[in-house]
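Examination of the molecular architecture
Here is what each chain is made of, one letter per residue.
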Number of protein chains: 2
Amino acid sequence: MPRRVYINDVSMRDGLQIEPIFVPTERKIALINNISRTGVAKIETTSFTSPKAIPALRDAEDVMKGIERAPGVQYVVLVPNMRGAERALACDVDEINLVMSASETHNLANLRMTRSQSMRELARIIAHAGGRVATNVSISTCFGCPMEGEVDPQEVLRLGDFFADHGASGISLADTTGMANPAQVLQLCSGLAQRWPDMALTLHFHNTRGMGLANVMAGLSTGIVRYDASLAGLGGCPFAPGATGNICTEDLAHMLESMGIDTGIDLDRLIFCAHEMAETVGHDVPGQVMKAGRWNKRFPCPPDLEQVRERALSRDAA
Amino acid sequence: MPRRVYINDVSMRDGLQIEPIFVPTERKIALINNISRTGVAKIETTSFTSPKAIPALRDAEDVMKGIERAPGVQYVVLVPNMRGAERALACDVDEINLVMSASETHNLANLRMTRSQSMRELARIIAHAGGRVATNVSISTCFGCPMEGEVDPQEVLRLGDFFADHGASGISLADTTGMANPAQVLQLCSGLAQRWPDMALTLHFHNTRGMGLANVMAGLSTGIVRYDASLAGLGGCPFAPGATGNICTEDLAHMLESMGIDTGIDLDRLIFCAHEMAETVGHDVPGQVMKAGRWNKRFPCPPDLEQVRERALSRDAA
């Protein structure tokens, strides 16, 4: 097991983008400023997409200009195209997160491009922006496509090799709709850190079918130390209404802390942020630790415990 | 990873005992009869406790006499004392499940006996009933006590050794309030199958803090192949109000099936039973797969996918 794990909180982007409400810009800034103080390694703060496509994140510039940057935290934004990359660069982000899918159908449905076109476009953005910011490529549907079904692992490797060759600084393998299982994670991810030694490697799981943290355990055993997660378990996917969303940031940090793995995170602050996030969206959220408390939380003994013990022992004496 | 895993559904006992409603006996019988047809290895059907202590299960005899026994399924009941054992034997159960805690405080608070007294009492029951039925001992709070905190693994080993010496046919290590983490499971459980070769070894996890299936993965890697779980994720613990309950039977079976591990279970039937259980208790339940569907469920492509593809390719040609 690794000794240090790096968590990227994506609740502000992957979480808020599917919420039906528009969270006021000032509130977003306050939320991000609080997340900045938890010790997470990275925050995906927003998306430089068209305001029509994702109205919930139409204030991307204002958010990025309004937040306080905490030292040691990387501020990442999602960028779908060259126009988005220009907007992100103008806001002085630390990293741009580019996206495409391992499945042709999902790429077409989601991005309206073929995979070949996406590869070309993303390579162009990396060539343009790579000198100035970190460039991460998130590959969706690496563990299965909700429309096509199984995704050939060779396709994931082919895309990863392509972006490694084209100078991406990182790659995220995403289980976009929560289809991955731990055996599959082990199989796909073993050896990837060696295959792509110059790219930071991140896993992005959803808890759609309850396997999220089990998949993290499998990922950890392959030596991968970077994970996306979302506060309070926000997020989700249009293909699985009613299902839970991304793996939950504070539940992940809690599991790692209970295992003695360092995340750099102040868990109490993170749980506070999860409550803030739940209040912001105004509905039930999947996070567990925010409801149950830490594993080592102690509860009071029954007040009559000593009498119970005495009565029990007196039965022995009788 | 093991090739075959055996699931014991405890929803009828561990789940229903904390529900505020009394489920009518006929309904219980119908639920159990349906669970019997799913292919689970074992069903914990009820508890032969005092009707005052657990009024929800006050119809234990009627339930056991009313159900149809499916070949290949073991019918287990929880038994707190000799009186309960006699009642269970009169109902021709396959196994009695005896309980005590690894922590003295929890044992006193829960059973009103010291651990020494419980050990003596359970050994007496095993001696009395062991020739006629299988005798399993469930040790609560093996991975931590909500009142005392950490539990010394040596205490768990001492209790297991004691019951192995006294002829128990099985032992369950229970994470009663969901405090276990995967590193701890690995540490406590490695080598136990070798230490207690004559006892069937079961792990009993709760998903209180979201780590339930991750803990199963750790358990599997130690070679343990028997797991308790509860349909729809019913169950829970008085120490963590609002938290989820036992690990969810159908989510567990689903994870194992997606990994290619045989459980003998018909997942569709199991999901049907989970919905029946949710209707019975009449509130939201933690089960995920019953909401999201299987990992390999396919969703329709957008109807305009071909036009999207043509428009995309025409941009290349231009």
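Whatever comes next refers back to the structure up there.
Reading the values: rules and limits
Residues numbered from 1 in each chain as written. Chains lettered and ligands numbered in written order. Predicted model: local features only at pLDDT ≥ 70, side-chain atom pairs only at ≥ 80, totals over all residues. Heavy atoms only, no water. Helix = DSSP H or I, 4+ residues; strand = E, 2+ residues; numbered from the N terminus. Contact = heavy atoms within 4.5 Å. Expected span 1.5 Å × (residues − 1). Buried < 20%, exposed > 50% of the residue type's maximum accessible area, 1.4 Å probe, protein only. Arc of directions from axis to C-beta. Polar contact = N/O pair within 3.5 Å; in protein donor to acceptor, adjacent residues only side chain to side chain. Least-squares fit on C-alpha atoms with pLDDT ≥ 70 in both. Salt bridge = Lys/Arg side-chain N within 4 Å of Asp/Glu carboxyl O. Phe/Tyr/Trp six-rings, centres within 6.5 Å; stacked < 30°, edge-to-face > 60°. Buried area = accessible area lost by both parts, 1.4 Å probe. Pairing = 2+ DSSP bridges. Axes fitted to C-alpha atoms, helices over the stretch in contact; angles between N-to-C directions. Core = buried A, V, L, I, M, F, W, Y, C linked by side-chain atoms within 4.5 Å. Parallel < 35°, antiparallel > 145°, perpendicular 65-115°, else oblique. Nonpolar A, V, L, I, M, F, W, Y, C, P; charged D, E, K, R; others polar. Right-handed = clockwise from strand over helix to strand, strands pointing away.

1. Comments concerning the side chain of Thr38(A)
Tracing the backbone shows Thr38(A) in the loop between α2 (25-36) and β2 (42-47). Apart from residues no more than four positions distant in its own chain, Thr38(A) is found in contact with Gly264(A), Ile265(A), Asp266(A), Arg269(A), Leu270(A) and Cys273(A).

2. Section: helix α14 (residues 305-317) of chain A
Residues and elements named next belong to chain A. Taking 1.5 Å per residue as the helical rise, α14 with its 13 residues ought to reach 18 Å, and the 19 Å between its terminal C-alpha atoms agrees with that figure. All of the buried residues in α14 are Leu-305, Val-308 and Ala-312. Buried residues of α14, viewed axially, fall in a sector of 65°; they line one side. Projecting away from the buried face of α14 at angles above 90 degrees are the exposed residues Glu-310 and Ala-317.

3. Describing the environment of Lys28(A)
Residue and element names in this part refer to chain A. When you line up the elements, Lys-28 lands in helix α2. Taking the relative accessible area as the measure of exposure, Lys-28 reaches 2% and is therefore buried. Taking the C-alpha atoms as reference, Lys-28 lies 25 Å from Val-137; in sequence the two are 109 residues apart. Those residues in contact with Lys-28 that lie beyond four places of it in its chain are Met-12, Leu-16, Phe-22, Val-23, Ala-56, Leu-57, Asp-59 and Val-63.

4. Some words on helix α8 (residues 182-189) of chain A
Residues and elements named next belong to chain A. Within the span of α8, buried status applies to Pro-182, Val-185, Leu-188 and Cys-189. Down the axis of α8, the smallest arc covering the buried residues is 130°, so these residues share one side. At the N-terminal end of α8, a side-chain oxygen is found 2.9 Å from the backbone nitrogen of Ala-183, two or three residues along, and the residue is Asn-181. Gly-191 occupies a position one or two residues after α8 and carries a positive phi of about 85°.

5. A closer look at the relation of the copies chain A and chain B
Once chain A is rotated about the relating axis by 180° and shifted along it by 0.0 Å, it coincides with chain B to within an RMSD of 0.0 Å. A rotation of that kind, with that shift, is consistent with a two-fold axis. Minimal C-alpha separation from the rotation axis in chain A is found for Ala214(A), amounting to 2.0 Å. When the interface residues of chain A are mapped onto chain B, 100% of them again lie at the interface, so the same face is used by both copies.

6. A look at the pattern of salt bridges
Side chains that differ in sign of charge can pair as their charged atoms come close. Using the criterion set out here, one finds 36 salt bridges over all chains in the structure. The closest approach of N and O atoms between Glu257(A) and Arg294(A), which form a salt bridge, is 3.0 Å. Here Arg294(A) lies in the loop between α13 (289-292) and α14 and Glu257(A) lies in helix α11 (residues 249-258), a separation of 37 residues in the sequence. Residue classification places Glu257(A) among the partly exposed residues on the basis of a relative accessible area of 28%. With a closest N to O distance of 2.8 Å, Glu95(B) and Lys42(B) form a salt bridge.

7. Regarding the packing of aromatic side chains
Residue and element names in this part refer to chain B. Applying the stated criterion across every chain yields a total of 4 aromatic pairs over all chains. On the basis of an interplanar angle of 50° and a centroid distance of 5.9 Å, the ring pair of Phe-143 and Phe-205 is categorised as tilted. One end of the pair, Phe-143, is in the loop between β5 (134-140) and α7 (153-165); the other, Phe-205, is in the loop between β7 (200-204) and α10 (212-221), with 62 residues separating them in the sequence. A relative accessible area of 3% means that Phe-143 is categorised as buried. The exposure class of Phe-205 is buried, given its relative accessible area of 0%.

8. A word on the interface of chain A and chain B
Contacts between the two partners involve 58 residues from chain A, matched on the other side by 58 residues from chain B. Taken together, the two surfaces of chain A and chain B that pack against each other cover about 4,600 Å², and 59% of this comes from carbon and sulfur. The largest contributions to the chain A side of the interface with chain B come from Arg112(A), Arg209(A) and Phe299(A), which together make up 14% of the buried area. At the boundary of chain A with chain B, the tally comes to 4 salt bridges. Here Arg120(A) ties to Asp316(B) by a salt bridge, and the two come within 3.2 Å at their closest N and O atoms. Inspection of the region where chain A meets chain B yields 24 residue pairs in polar contact (both at pLDDT 80 or more). Contributing elements (two or more residues each) for the side of chain A that touches chain B: α5 (104-111), α6 (115-129), α8, α10 (212-221), α11, α13 and α14 of chain A. The element contributing the most residues to the side of chain A that touches chain B is α14(A), with 8 residues.

9. Comments concerning the sheet that holds strand β8 (residues 226-229) of chain B
Residue and element names in this part refer to chain B. With parallel pairing, 8 strands are arranged side by side around a closed barrel as β1-β2-β3-β4-β5-β6-β7-β8. Neighbouring strand axes in the sheet, compared pairwise and without regard to direction, differ in orientation by 25° on average. As defined by bridge partners, strand β1 (residues 6-9) adjoins β8 across 4 bridges and the pair is classed as parallel. Its bridge partner being in β8, Asp-9 is matched across the sheet by Ala-229.

10. Thoughts on the sheet that holds β2(A)
Residues and elements named next belong to chain A. Within the closed barrel, the 8 strands sit side by side as β1-β2-β3-β4-β5-β6-β7-β8. Their pairing is parallel. The average undirected angle you get between the axes of adjacent strands in this sheet is 25°. Pairing of strand β6 (residues 170-174) with strand β7 (residues 200-204), which is carried by 5 bridges, proceeds in the parallel orientation. Opposite Leu-173, over in β7, you have Leu-203 as the bridge partner. Lying over the sheet, α5 contacts β4 (95-101) and β5 (134-140), oriented at roughly 120° with respect to β4.

11. Quick look at the nonpolar core
Ranked by size, the top nonpolar core spans 100 residues in total, and within it Ile96(A), Leu173(A) and Leu252(A) carry the most contacts. Examining the composition of this core, we find that 8 residues originate from one element, helix α12 (residues 267-281) of chain A, more than from any other. Excluding anything up to four places from it in sequence, Leu173(A) contacts Ile139(A), Cys142(A), Phe143(A), Val156(A), Leu188(A), Cys189(A), Leu192(A), Leu201(A), Thr202(A), Leu203(A) and His204(A). Listed in part, the 99 residues of the second largest apolar core include Met64(B), Leu89(B), Ile126(B) and Val137(B).

12. Brief notes about the packing of α14(A) against helix α5 (residues 104-111) of chain B
With their axes 10 Å apart at the nearest point, α14(A) and α5(B) run at an angle of 80° to one another. Taken as axis vectors, α14(A) and α5(B) run roughly perpendicular relative to one another. Where α14(A) approaches α5(B), its residues Leu305(A), Val308(A), Arg309(A) and Ala312(A) are matched on the opposing element by Glu104(B), Thr105(B), Leu108(B) and Ala109(B). Here the residues of the contact of α14(A) with α5(B) sort into 5 nonpolar, 1 polar and 2 charged.

13. Notes on the environment of Met147(A)
Relative to the helices and strands, Met147(A) resides in the loop between β5 and α7 (153-165). The spacing of Met147(A) and Asp175(A) is 28 residues in sequence and 14 Å in space, taken between C-alpha atoms.

14. Observations concerning the pairing of strand β3 (residues 74-79) of chain B
Residues and elements named next belong to chain B. Counted residue by residue, β3 has 5 buried out of 6 residues, so it is predominantly covered. In terms of strand pairing, strand β2 (residues 42-47) meets β3 through 5 bridges, oriented parallel. Note on β3: the bridge partner recorded for Glu-44 is Val-76. As for the winding sense of the linkage, the β-α-β connection from β2 through helix α3 (residues 60-66) to β3 is right-handed. Summarising the sheet, β3 and strand β4 (residues 95-101) pair through 4 bridges and their orientation is parallel. By the bridge assignment for β4, Val-77 is matched with Ile-96. Chirality of the crossover, the property in question, places the unit of β3, helix α4 (residues 82-90) and β4 among those that are right-handed.

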